[in-house]
Amino acid sequence: MTTRIFGSGIKRREDPRLITGEARYTDDIKLPGVLHMAVVRSPYAHANIVSIDSSAAEAMDGVVAVYTGDDIEGLAGLPTAWLIPDSDLKTPEHPALAKGKARYVGDGVAIVLAGDRYQAQDAADAVVVEYEELPAVIDPEEAAQEGAPLIHDDVEGNIAFRWAPFDKEASDAVFDAADVVVSERILQQRLLPTAMEPRSAMAQYNPATAELTLWCTSQNPHIHRFIISAVTGLNENKVRVIAPEVGGGFGSKIPCYPDEALVSWAAMQLGVPVKWTETRSENYLITIHGRDHVQHVDMAASNDGKILGVRATVYAGMGGYLSTAAPGIPTILHGLLYVGPYTIDSVYCESIGVMTNGTPTDAYRGAGRPEATFLLERMIDNVANKIGMDPAEVRRKNLIPAFEDGYEVAAGLNYDSGDYPTAFEKALGMAGYGDFRQQQKSAAAQGRYLGIGVTAYTEMCGLGPSQVAGAVGFQGGLWESATVRVTPTGKVQALIGASPHGQGSETTLAQIIAEELGFPVDDIEVIHGDTTETPMGWGTYGSRTTPVTGAALAKASQKLKEKAKALAAHLMEASEDDIEYADGSFSVKGSPDQTQSIQDVALMAHLAWNMPEGMDPGFEESQFYDPPNFVFPFGTHIAIVEVDAETGEIELQRYIAVDDCGPQINPEIVAGQIHGGVVQGIAQALCEGVIYDENGQLLTGTMMDYCMPKADMFPNFELGETVTPSPHHPVGVKGVGETGTIASTPTVYNAVLDALAPLGVEQIDMPLSSAKVWQAIQDARS
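Student: What is the right way to look at unusual backbone geometry in this model?
Tutor: Among all residues save glycine, negative phi is the norm, and among peptide bonds the norm is trans. In this structure, Pro465 follows Gly464 across a cis peptide bond, with omega equal to -5°. Structurally, the position occupied by Pro465 is in the loop between strand E18 (449-458) and helix H14 (466-471). Cis rather than trans, the peptide bond between Met766 and Pro767 has omega equal to -5°. Topologically, Pro767 is positioned in the loop between helix H19 (739-756) and helix H20 (770-781).

Student: Whenever I open this one, a nonpolar patch on the surface confuses me. Can you help?
Tutor: A grouping of Leu603, Leu607 and Trp609 is seen on the molecular surface, where their side chains present a nonpolar patch of about 320 Å² in accessible area. On the secondary structure map, Trp609 appears in the loop between helix H17 (598-607) and strand E25 (620-625).

Student: What is the right way to read a negative patch on the surface from this model?
Tutor: A cluster of acidic residues, Asp53, Glu58, Asp70, Asp71 and Glu73, forms a negative patch at the surface. As for its position among the elements, Asp71 is in the loop between strand E3 (63-68) and strand E4 (101-102).

Student: How should the sheet that holds strand E24 (residues 591-597) be read in this particular structure?
Tutor: The strand order E22-E23-E24 describes an open sheet built from three strands, whose pairing is antiparallel. Since the sheet does not close on itself, it has two edges, and those belong to strand E22 (579-582) and E24, each with one partner. On average, adjacent strands in this sheet sit at an angle of 30° to one another, irrespective of strand direction. In the sheet, E22 pairs with strand E23 (residues 585-588) via four bridges, with the strands oriented antiparallel. Looking at E23, one finds that Ala582 is bridged to Ser585. Of the strands in this sheet, E23 and E24 touch H17, which is tilted by about 55° from E24.

Student: What is the right way to read the side chain of Thr722 from this model?
Tutor: As for its position among the elements, Thr722 is in the loop between strand E28 (717-721) and H19. At a separation of 2.7 Å, a polar atom in the side chain of Thr722 contacts the side chain of Asp660. Setting aside residues no more than four positions away along its own chain, Thr722 makes contact with Thr422, Ala423, Lys426, Phe634, Val658, Asp659 and Asp660.

Student: Looking at this model, I keep getting lost on the pairing of E3. Mind explaining?
Tutor: Residues in a regular strand point their side chains to alternate faces of the sheet. Here E3 lies mainly inside the structure; five of its six residues are buried. Across five bridges, E3 lies against strand E5 (residues 108-114) in antiparallel orientation. Across the sheet, residue Ala65 finds its bridge partner in E5, namely Leu113.

Student: Help me out: how do you make sense of the environment of Phe424 in this one?
Tutor: Topologically, Phe424 is positioned in helix H12 (residues 420-431). Put simply, Phe424 and Ile638 are 214 residues apart on the chain and 9.7 Å apart in space, counted from C-alpha to C-alpha. Sequence-distant contacts of Phe424, that is, excluding residues within four places in its chain, are made with Ala392, Arg395, Arg396, Leu399, Val454, Ala456 and Thr636.

Student: What is the right way to look at the domain arrangement of the protein chain in this model?
Tutor: Accessible area lost during the coming together of the parts is what is often quoted as the interface size. Each assigned domain of the protein chain is listed here: domain 1 (399-406 + 416-461 + 629-782) and domain 2 (479-625). Put simply, the middle of domain 1 and the middle of domain 2, counted by C-alpha atoms, are 40 Å apart. Listed per partner, the contact involves 17 residues of domain 1 and 16 residues of domain 2. Carbon and sulfur atoms make up 63% of the surface buried where domain 1 meets domain 2, a total of about 1200 Å² over both sides. Of all residues in domain 1, Ile665, Ile669 and Pro730 give up the largest surface area on contact with domain 2, accounting jointly for 41% of the area buried on that side. Counting the contacts that link domain 1 with domain 2 gives zero salt bridges.

Student: Explanation requested: the sheet that holds strand E12 (residues 274-277) in the structure shown.
Tutor: Note: strands within a sheet are paired through backbone hydrogen bonds, in either parallel or antiparallel orientation. One open sheet holds the seven strands; their spatial order is E3-E5-E1-E12-E9-E10-E11, and the pairing between them is mixed. Two strands lie at the open edges of the sheet, namely E3 and strand E11 (239-242), each paired on one side alone. Going across the sheet, the axis of each strand differs from the next one's by a mean of 20°, ignoring polarity. Direction of pairing for strand E10 (residues 211-216) relative to E11: parallel, over a ladder of four bridges. Counted as the bridge partner of Leu214 is Val241 from E11. Packed on one face of the sheet, helix H6 (residues 221-232) meets E10 and E11 and runs near 145° to E11. Along the sheet, helix H7 (residues 258-270) makes contact with strand E1 (35-41), E3, E5, strand E9 (200-206), E10 and E12, crossing E9 at roughly 25°.

Rules and cut-offs
Residues numbered from 1 in each chain as written. Predicted model: local features only at pLDDT ≥ 70, side-chain atom pairs only at ≥ 80, totals over all residues. Heavy atoms only, no water. Helix = DSSP H or I, 4+ residues; strand = E, 2+ residues; numbered from the N terminus. Patch = residues over 30% accessible without salt bridge, like charges linked within 9 Å, V, L, I, M, F, W, Y side chains within 5 Å. Areas by Shrake-Rupley, 256 points an atom, 1.4 Å probe, with all protein chains shown as cover. Salt bridge = Lys/Arg side-chain N within 4 Å of Asp/Glu carboxyl O. Lys, Arg positive; Asp, Glu negative; His and termini not counted. Charge placed at Lys NZ, Arg CZ, Asp CG, Glu CD. Pairing = 2+ DSSP bridges. Axes fitted to C-alpha atoms, helices over the stretch in contact; angles between N-to-C directions. Contact = heavy atoms within 4.5 Å. Polar contact = N/O pair within 3.5 Å; in protein donor to acceptor, adjacent residues only side chain to side chain. Buried < 20%, exposed > 50% of the residue type's maximum accessible area, 1.4 Å probe, protein only. Domains from an automatic or database assignment. Buried area = accessible area lost by both parts, 1.4 Å probe.

Here you go:
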């Protein structure tokens, strides 16, 4: 009997090197003669730089050079790579080192190069910078008001962009005619990505060939190569970027940062390798933050629970500079998701990108879509409360019916496939929703406060196609390319342009190839992360590696299979129409003893002793894949909580997740992705949140101060699935890396507010700490 490798929960092939400490990260790379870089950073959120005195630092042992912003010649500013059209976008200069003004705590003002990192840091501490402190502003809504401190002289009113592509008059008409309108101000607090590995970069320059090699913690080495080429002035073919093992990213390793440009420039100036690795404290100060929205949201509905429209004005904090993809997060990846899985016919979003004195923001797991799902699901609960209907019934009444090949929604997207009602009912059944409502009433009579939250979601991922990317201002393509190469001995090398960093893609992509070609999965090596060795690719983010790179590999494998079939027919002197293929072996129909294994065919293709006329030797194929549409995974999540009214403590008792990402290549990896995403989303609801003081000082700058989720916060997750293939994908798969984060935050938040409803609590800003919940209860009682 055949055991299918596609759909098998085999163990992750990358794990042995990770859990035994054999993996090689950027900071593990050692080169002779390397200098270490430390960055002198502004202690103020907003300040004029009056003077910099580096004389004491330059005299210290081991110090080779000190450079300020005025010394950095020939290094261009960092570009913004998502230029949203029709938004009056302003892109202020983002110098690698601040010149004249620092715009957030941690903004680099000078660099020190020394023989080891301790000498470099000691010397950085000895650099004397005189500042003139200026008023700071952190809250994006406050920063957009008249009279707020101006961050950039060329960004009037701190408004970097204003994106409002929908028909406001039509939206207003829907709301004016509605039976019910509910409103809420929603705070999406800043979050710290906190990847396990902090960022690191090392550059080596060869002046004889004018070639630069940059090792760095990147989710997209080819994009890093493009940007480093642009800012250093080197020809792109002279820049090699290598992303070795990368210890997580969650979006924070998409951008090209000043530090990576600075090590490259310094290596070119000094002719020796230069290395920089951030501390965790630096990571919290300077690596991008996520979220930071203030949302004013309205939802219109009829008295019988039909949702008529949703509209929002969003103040999105950009921080001190526009990061690489920042403008796209609260616009394209946010406002287009306001319909969700519902039959909502009217949407309106005005997204205002606001410069502040916080750390720059950019993509963080989910990137715009969690913020959209939260506001939608929160407002549905508010509608339900307003009209006296059960929240699950409101959702059921508005779900889009099942469809297999396309459904256009009011926001302009064309969903690929979906069966939202089936996933919804399955989740309700797993939770025992009706029984729980009875238990909730019984508990209330005993003074116990139980709550349940339900989220039905769909999301847009597998980012592409390139024509759409161009139309929405993304400064690149979103196709992927792959090469499947079979050696004479029957081993497979799969070279990809994407750059996985913890998702298990080395396993799942190998499973796709094994399924198509019949090679043992252990004989397949997935090679990535080096721009010289691998084909061009646009990166790993937006849950796109499996949908886009996986499709390229599947198509390349199918091309190889066709070549193999033709060669096998020739070798067995049979008609190609009579060749059958199964489990890695070709046979002649009606003559089962006549066989050629895929390995035999690969060897003969390399030897080329007996080839059909016109067939080239060798056994490898390449494929570019530009998806015709996004993919749209979906599902329903449910949380059950109990709140202690005397302490405000929240106990998460159950968490149910029914997700549909199409056919699952590896169910264990899918479960792992859902688990991790759910944990991050729940953490936003319950504990995580960046706190600045009124002067822009980061108060949550260490793990002692920033609440990270811990295992004892969570019950065992109860997972279910439905399977709805994407009609346009070669193997039907959809992304799953962000679904848990997108769904879990509103699920748990609504569960807590459901529990607090009998106490009169209607709204609390996240995170829902025990202290906040307790205070809200006291305020409601007073």
